[in-house]
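Analysis of the macromolecular model
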Amino acid sequence: MKLFVNGHFWQNGGFDDTVFGVLTKDGKISEILRSESATGADIHRVDLAGAYVFPGFIDTHTHSFEGGLYSLMIDLSEAKNLDDVFGMISEGSKTKGKLVFAWNFDETRIAEKRFPTRAELDKVVPNQNLVLRRIDGHSCIVNTFACDSILGANKKIHCEDDILKGFENDKAVHWFHNNLDNEMVLKAYHAASAIALKGGFTTIHTMVGDANMSVGHYAMLKDQLSSFPLDFVLYPQSFNIEAALELGAKRIGGCILADGSIGSFTAALYEPYAGKPIRGNLYQTDSFWHDFISKAHSHDLQVAVHCIGDRAISQINNVYHDLNNKDPKDLRHQLIHCEITDDLLLQQIQESKAVPVMQPMFDHLWGGPNRLYAKLLGTERAGIMNRLRSMTDMGIRITGSSDWYITELDIRKSLSAAMSHHIPAERLNLAQAVGIYTSNAAWLSHDENIRGSIAPGLDADFCALNYIPQAAMPQPGDKITKVVKRAEIVYEDISH
Ligand SMILES: [Zn+2]
Ligand SMILES: [Zn+2]
């Protein structure tokens, strides 16, 4: 037995300082103590040093394989111009063998405001496979060497266009992933797990598979789950319902795409992009989604689909709505991202009982006057995006996530972002922000009886902070001091 003491424990949406300590047994919370009553020789005390102690945080949507893998690859987020990009790639490629992957490229943040050309990349990396991926993951460039390799693997790919989007982008990236061996795949997940713990998370949902017909390394990872110090909630990210059922999965999907992204002008909108006569793309027909989602639903699979633009969100939500009328089941189908929603669409989501899986960091990165959303969508539409508070106030249960590797896997920043939406009416308060990463998040995977709050019978998962999260982004001294998984300390900040 362990007794966690000397903390301000989070109970039902606030800190309860009448709690003396939390007693645990076999990894579970056995009792919330109000006074120093139960003390026996066999009780090991863990001093939380006056920390603010939350339930272990849960991120409900990550691409942990890519995130872990990319943490071992070339990160271009600090590049200020193309020379920086070439320098980083040249340096990084020296240690990367035949597969060189550079990511977090954002042409809007570098001086030249453009992608490098393939010819430029060929000069920097002539004899290794290079994939350079945009920050949103929805476009990339490959060098000529990689293009030849992909063609040699009998993948039809149109590399003559410098910037690959849509299916061409997917093919290039999946080719890269498929050429990694199991050892590298596990190394990537262990890197992900370490980053998640450091970021305050004890459980993360993760997408496994190529967003087409493959479930990738799902079976291999499923067998290894007990080797990780946190819980992964796995999604076969695939359209292959038979494969998901065979694997014993309870859910299917993830970033299987109803549309693309705003930055790539591929998110599907009702009205055109600002100053451009295009409305983005629906990647599949209505009948395709009807058939896929209905079939999954009939097999009791929870479905998750990536939908960003209002036209794509409607397309998916209409199917959920229909099923909720005809064959209601408590499956908690997901609308991943669910970014552009007017009031009518929110009402339809409320009726369908779908769960928007939201990314508060998106608004922090791209919301506000003269920023990406306003530039590409116009001010009016940028004002009905990532509507955390409106959804919450309507009783729509939403969950929080990073979409890591797209944004950082750090609960401190995620909570601040949820409390500092650029539109004041869309800001969550602390209790709501914590809720979307704890109780709501546990509920999403039907695990509300296992985790998500500090209560008897649940797993003893805690995240201890040395400060109370605020709307303002964390300062250097604002730390995650300890992370506890099933009563074991799995991360500790040892800096002073
Ligand atoms: Zn995603
Ligand atoms: Zn997505």
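This report concerns the structure included in the present document. If you're wondering where the values come from, they're calculated on a predicted model, not measured in any experiment. (Residues numbered from 1 in each chain as written. Chains lettered and ligands numbered in written order. Predicted model: local features only at pLDDT ≥ 70, side-chain atom pairs only at ≥ 80, totals over all residues. Heavy atoms only, no water.)

Regarding the side chain of threonine 202
Heads up, the condition is: Numbering of helices and strands starts at the N terminus; helices are DSSP runs of H or I of at least 4 residues and strands are runs of E of at least 2. A contact between two residues is defined here by any heavy atoms of the two lying within 4.5 Å.
Relative to the helices and strands, threonine 202 is located in strand β12 (residues 201–208). If we ignore the near neighbours within four places in the chain, the residues touching threonine 202 are Gly56, Phe57, Leu230, Asp231, Asp461, Phe462, Val483, Val484 and Lys485.

Notes on the sheet that holds β12
Convention followed: Whether two strands pair comes down to DSSP finding at least two bridges between them. Lines fitted to the C-alpha atoms define the axes, with helices restricted to the stretch that makes contact. Angles between their N-to-C directions range from 0 to 180 degrees.
The 3 strands lie next to each other as β6-β12-β13, forming an open sheet whose pairing is parallel. The sheet is open, and its two edges are formed by β6 (57–62) and β13 (231–236), each paired on a single side. Neighbour to neighbour, the strand axes of the sheet diverge by 15 degrees on average, direction disregarded. Bridge analysis of β6 against β12 gives 4 bridges, and the strand direction is parallel. Following the sheet pairing, aspartate 59 is matched in β12 by isoleucine 204.

Observations regarding the coordination of the zinc ion (ligand 1)
Let me state the cut-off plainly: Note that water is not among the atoms used; donors are N, O and S atoms within 2.8 Å of the metal (3.2 Å for Na, K and Ca), so sites may look incomplete. Key to geometry: four donors with every angle between 85 and 135 degrees are tetrahedral; four donors are square planar and six octahedral where opposite donors lie over 155 degrees apart and all remaining angles lie between 65 and 115; all other sites are irregular. Relative accessibility decides the category of a residue: with a 1.4 Å probe and only protein chains considered, values under 20% of the type maximum give buried, values over 50% give exposed, and everything between is partly exposed.
Looking at the zinc ion (ligand 1), the protein donor atoms are His61 (NE2), His63 (NE2), Cys255 (SG) and Asp403 (OD), and they sit 2.0 to 2.2 Å from it. Bound by 4 donor atoms, the zinc ion (ligand 1) shows angles of 90 to 152 degrees at the metal and therefore irregular coordination geometry. Between the zinc ion (ligand 1) and the zinc ion (ligand 2), the interatomic distance is 3.2 Å, and cysteine 255 donates to each metal, bridging them. The class of histidine 61 is buried, set by a relative accessible area of 0%. Note on histidine 63: relative accessible area 8%, which makes it buried.

Points about the sheet that holds strand β7 (residues 74–75)
Two strands in a sheet stick together by hydrogen bonds in their backbones, pointing the same way (parallel) or opposite ways (antiparallel). Strands sit in the order β7-β8-β9-β10-β11 across an open sheet of 5 strands; the sheet is mixed. Whereas interior strands pair on both sides, the edge strands pair on one side only; in this sheet they are β7 and β11 (164–165). Relative to strand β8 (residues 99–105), β7 is paired through 2 bridges, and the arrangement is parallel. What sits directly across from aspartate 75, in β8, is tryptophan 103.

A short note on the environment of valine 100
Structurally, the position occupied by valine 100 is in strand β8. Valine 100 sits 267 residues away from glycine 367 along the chain, and the two C-alpha atoms are 32 Å apart. Excluding its chain neighbours within four sequence positions, the residues that come into contact with valine 100 are Ile74, Ser93, Gln128, Asn129, Leu130, Val131 and Phe176.

Notes on unusual backbone geometry
Excluding glycine, most residues fall at negative phi; most peptide bonds, likewise, are trans. At the junction of tryptophan 404 and tyrosine 405, the peptide bond is cis and its omega measures out at 20 degrees in the coordinates. For tyrosine 405, the position within the fold is in the loop between β18 (399–400) and α16 (411–419). At asparagine 12, a position not held by glycine, the phi torsion is positive, near 50 degrees. With respect to the helices, strands and loops of the structure, asparagine 12 is situated in the loop between β1 (2–11) and β2 (14–16). For asparagine 12, a relative accessible area of 84% gives the class exposed. The backbone phi angle of cysteine 338 is positive, close to 45 degrees, even though this residue is not glycine. Checked against the element boundaries, cysteine 338 lands in the loop between β16 (334–337) and α11 (343–352). By relative accessible area, which is 0% here, cysteine 338 ends up buried.

As for the side chain of aspartate 106
Checked against the element boundaries, aspartate 106 lands in the loop between β8 and α3 (118–124). On the basis of relative accessible area, aspartate 106 is assigned to the buried category, the value being 9%. The contact partners of aspartate 106, leaving out residues within four places of it in the chain, are Arg134 and Ile135.

Points about the coordination of the zinc ion (ligand 2)
In ideal tetrahedral geometry, four donors around a metal make angles of 109.5 degrees, whereas ideal octahedral geometry with six donors gives angles of 90 or 180 degrees. Protein coordination of the zinc ion (ligand 2) is provided by Cys255 (SG), His306 (ND1) and His337 (NE2), with donor distances spanning 2.1 Å. Sequence spacing among the residues donating to the zinc ion (ligand 2) works out to C-x50-H-x30-H.

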